[in-house]
Amino acid sequence: MAPASVRITGWGMYAPERVLTNADLEKLVDTSDEWIRSRTGIRERRVAAPHESTATLAAVAGKRAIAVAGLAPDDIDLILVATLTPDYWMPSTAALVKEAIGNRTAAAMDVMAACSGFVYAYATADSFVRSGMYRNVLVCGAELLTRFLDFSDRNTCILFGDGAGAVVVSASDEPGGGMGGLELTTDPDGAYMIWLPSGGSRSPVSGETVRRGEHFIRMEGRETYRFATKTLATSALKAIERAGWTLDQIDLVIPHQANIRIIESVAKGLGMSMDKMFVNVDRYGNTSAASVGIALAEAVDSGRIKVGDRIVFVAFGAGFTSGAVALEWTADPLNGRRAASVEPVASVRAPLDWDSVDPMPPRLMAVLESGPPVPLDDVVPGEPEHARVP
Ligand SMILES: CC(C)(COP(=O)(O)OP(=O)(O)OC[C@H]1O[C@@H](n2cnc3c(N)ncnc32)[C@H](O)[C@@H]1OP(=O)(O)O)[C@@H](O)C(=O)NCCC(=O)NCCS
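Basis of the calculations
Residues numbered from 1 in each chain as written. Predicted model: local features only at pLDDT ≥ 70, side-chain atom pairs only at ≥ 80, totals over all residues. Helix = DSSP H or I, 4+ residues; strand = E, 2+ residues; numbered from the N terminus. Rg over C-alpha atoms; globule rule 2.2 N^0.38 Å. Contact = placed C-beta atoms within 7 Å. Pairing = 2+ DSSP bridges. Right-handed = clockwise from strand over helix to strand, strands pointing away. Near = placed C-beta within 6 Å. Nonpolar A, V, L, I, M, F, W, Y, C, P; charged D, E, K, R; others polar. Buried ≥ 20, exposed ≤ 12 C-beta atoms within 10 Å, placed from the backbone. Axes fitted to C-alpha atoms, helices over the stretch in contact; angles between N-to-C directions. pLDDT = per-residue confidence, 0-100.

What the protein contains, in helices and strands, is 11 helices and 13 strands. Here the C-alpha radius of gyration of the protein, 20 Å, is about what a compact globule of 390 residues would show, namely 21 Å. Projecting the C-alpha coordinates of the protein onto the three principal axes gives extents of approximately 55 × 55 × 40 Å. Partitioning the contacts of the protein with sequence separation of at least 6, the portion at a separation of at least 24 is 81%.

Structure follows, in structure tokens:
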């Protein structure tokens, strides 16, 4: 039976412990902390440990979201994992997350829409619950991008980081709240603006593809930037209009955390001040499909969202995809405290007769092993500084 409404009941995030600062990256490529901060707003990002994988990151965030929702793992009917850095091509990362969170009953599948993945997966979850098919869907956005980066390419390796965010989307017997408006787009003209050439049917992995470095993410930065600034405000506006709301009724926008200048241009495009934009790109870099989920969890837990607030998720990414959701927040933010009961560990059963090669990129490992991260003396926790367009 179709529910009276569909609401977010749980949220959670996980960021690996290890920090990689801009100063660390200066040791790897011809770049500088000043360049990275002024062009992107990023100060540092996280790097997953060798024993972690995309599924374990998603599982910790997912377990936290389930605890916050006050549910048990078996209450989840469907697990969606948005990622462009899966553990394997098959099985799905969602199948591994199902085992890692201790769920025995749910269906599980991955959603691939690159950095828009969290918004696409959220929209998918909402549809399943709205139709009456499922009552509780776990949506995880999780990425382990540092294993897909060329740490000799300064155009890409400075931008991305690892992490996971999750929400539980639930049926409610109370009317009102939840998603009011949705906009999803895909523009294949941008298909090769951010892409990973080898490993698929077009170019299976071989010694030659590895020699060419085709197993790493490639990006046309300026074109991607142009697309992002064009699409984000438009997508957000469409979702807000579909909800029947006006811009001045929006309390907080949670944009994909790719670049502070892009976020500033969304604010400008919407005619909103930056204090209505949630920003944490300075501390995590671009975590792709995880970024909106991580930002949402931090926004709720830091008191930026209260019951009745109208918020917008908006993202763009490879494809080119973009998506926006306008929703009314209904959950008690204090429920976020329940996440503290979840340990920051998860494990995925290893195959019986196979072991992976060392998953850590050697160049990155050399820097990580050279000592603790270089502290940045001007970082004020919880108060990201906004970079300025030079
Ligand atoms: C990547 C990005 C930060 C580059 O900033 P930019 O202001 O556009 O910089 P440009 O690409 O014009 O490069 C300017 C110069 O800096 C250089 N440069 C690029 N990366 C650099 C780095 N890490 N450190 C120092 N210099 C760098 C370029 O080589 C270029 O040099 P040149 O003028 O001698 O050719 C920006 O284009 C961007 O954020 N694009 C969107 C990327 C994104 O969001 N991707 C994920 C999508 S989900």
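Continuing now.
Moving on, we come to the pairing of strand S5 (residues 107-111). Relative to S5, strand S4 (residues 78-82) runs parallel, the two sharing 5 bridges. The residue of S5 that forms the bridge with isoleucine 79 is alanine 108. Crossover S4 to S5 through helix H4 (residues 93-101) is right-handed.

Right, let's get into the site of the ligand. Taken together, 20 residues sit near the ligand, with Thr31, Cys115, Gly221, Tyr225 and Ala258 positioned nearest. Sort the elements by how many residues they give to the shell around the ligand and helix H7 (residues 221-242) lands first, with 5 residues. Here the shell around the ligand is built from residues that sort into 9 nonpolar, 8 polar and 3 charged.

Across the 9 residues that make up H4, a large majority, 8, are buried. Buried residues of H4: Thr93, Ala94, Ala95, Leu96, Val97, Lys98, Ala100 and Ile101, and no others. Glycine 102 occupies a position one or two residues after H4 and carries a positive phi of about 80°.

Taken in spatial order, the 5 strands make up an open sheet running S1-S7-S6-S4-S5, and their pairing is mixed. The two strands at the open ends of the sheet, each matched to only one other strand, are strand S1 (5-14) and S5. Each strand of the sheet is rotated relative to its neighbour by a mean of 20°, with strand direction disregarded. Two strands pair when backbone bridges link them, and S4 and strand S6 (residues 136-144) are joined in this way by 5 bridges, in the parallel orientation. Bridging across to S6, leucine 78 finds its partner in valine 137. Contacting S1, S4, S6 and strand S7 (162-172), helix H3 (residues 54-68) runs over the sheet at an angle of about 40° to S7.

So, on to the confidence of the model for the protein. Across the protein, the average pLDDT comes to 95, with 95% of residues at 70 or higher. Summarising per-element confidence for the protein, the mean pLDDT is lowest in helix H11 (residues 362-368) (91) and highest in S4 (99).

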